[in-house]
Amino acid sequence: MLFPLIRDMKTKTLVMLGKAGAGKTPAAQAIAMAFAEYWILKANEGNDARPSFRLSNSLENLRGEPGLRTRPDILDDSDMSNIPLPKVKAFLDSSLTETFTVERWTTTKFVLDQLRIICDNRVHAEAEEGIKIGQDTIP
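(A) The pattern of salt bridges, seen in detail. Across all of its chains, the model carries four salt bridges by this definition. The shortest N-O distance in the salt bridge between Glu 60 and Arg 63 comes to 3.8 Å. Exposure remark for Arg 63: the relative accessible area of 27% places this residue in the partly exposed category. Among the ionic pairs, Arg 71 bridges to Glu 65, the shortest N-O distance being 2.9 Å. On the basis of relative accessibility, which here comes to 45%, the residue Glu 65 falls in the partly exposed class.

Right, here's the structure in full:
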């Protein structure tokens, strides 16, 4: 289901919502590694560069070192409903040259076209039981 989206993800971000154990984190890690490798090859960084990603459950843990296009960030198992909306927007807007969130003692910085992924387990699964494939709205 993700394969049609991957072509457009060079300039997009990804949010995966679902029950724990559904495979969101391994999928996010595989996608992040693929995009890290893509940007490394595109930048012709040579054999020394290795694909990687940052995985965290808090934006605060990503502070101190700026984001890199060659190193995607994954926000995993954080409760998005408890993160202030401007911070979520800053994390998810990969179209800005650079964007920041203010954390405890410093800022977290993200850069243009850096892949950012959120995986969140806090969903109300029963509300989704009536959703049919192809349905584009949720009551």
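(B) How the structure looks around the nonpolar core. If you look at the biggest cluster of nonpolar residues, it comprises twelve residues: Met 9, Leu 14, Met 16, Ala 28, Ile 31, Ala 32, Phe 35, Trp 39, Ile 74, Leu 115, Ile 117 and Cys 119. Elements with a minimum of two residues in this core: β1 (14-17), α2 (24-43) and β6 (116-120). It is α2 that provides the largest number of residues to this core, a total of five residues. In this structure, Ile 74 is in contact with Ala 28, Gln 29, Ala 32, Phe 53, Arg 54, Leu 55, Ser 56, Ile 117 and Cys 119, ignoring residues within four places of it in sequence.

(C) Spotlight on the packing of aromatic side chains. Tallying each qualifying case throughout the model produces two aromatic pairs. Ring centres of Tyr 38 and Trp 39 lie 5.0 Å apart, and the angle between their planes is 75°; this geometry places the pair in the edge-to-face category. Aromatic side chains Phe 91 and Phe 110 sit 5.2 Å apart centroid to centroid with 90° between the ring planes, which places their arrangement in the edge-to-face category. Of this pair, Phe 91 sits in helix α3 (residues 85-92) while Phe 110 sits in strand β5 (residues 107-111); the two residues are 19 residues apart in sequence, bridging distant segments of the chain. No difference in accessibility class separates Phe 91 from Phe 110, as the two residues are buried.

(D) Just the sheet that holds β1, in detail. Strand order in the open sheet formed by four strands is β1-β6-β3-β2, with parallel pairing between adjacent strands. Every interior strand has two partners, whereas the edge strands, β1 and β2 (54-56), have only one. Each strand of the sheet is rotated relative to its neighbour by a mean of 15°, with strand direction disregarded. Pairing of strand β3 (residues 73-76) with β6, which is carried by four bridges, proceeds in the parallel orientation. Within the sheet, the bridge partner assigned to Asp 73 lies in β6 and is Arg 116. The strands touched by α3 within the sheet are β1, β3 and β6, with β6 carrying the most contacts at an inclination of about 130°.

Cut-offs used in this document
- Residues numbered from 1 in each chain as written.
- Predicted model: local features only at pLDDT ≥ 70, side-chain atom pairs only at ≥ 80, totals over all residues.
- Heavy atoms only, no water.
- Salt bridge = Lys/Arg side-chain N within 4 Å of Asp/Glu carboxyl O.
- Buried < 20%, exposed > 50% of the residue type's maximum accessible area, 1.4 Å probe, protein only.
- Core = buried A, V, L, I, M, F, W, Y, C linked by side-chain atoms within 4.5 Å.
- Helix = DSSP H or I, 4+ residues; strand = E, 2+ residues; numbered from the N terminus.
- Contact = heavy atoms within 4.5 Å.
- Phe/Tyr/Trp six-rings, centres within 6.5 Å; stacked < 30°, edge-to-face > 60°.
- Pairing = 2+ DSSP bridges.
- Axes fitted to C-alpha atoms, helices over the stretch in contact; angles between N-to-C directions.

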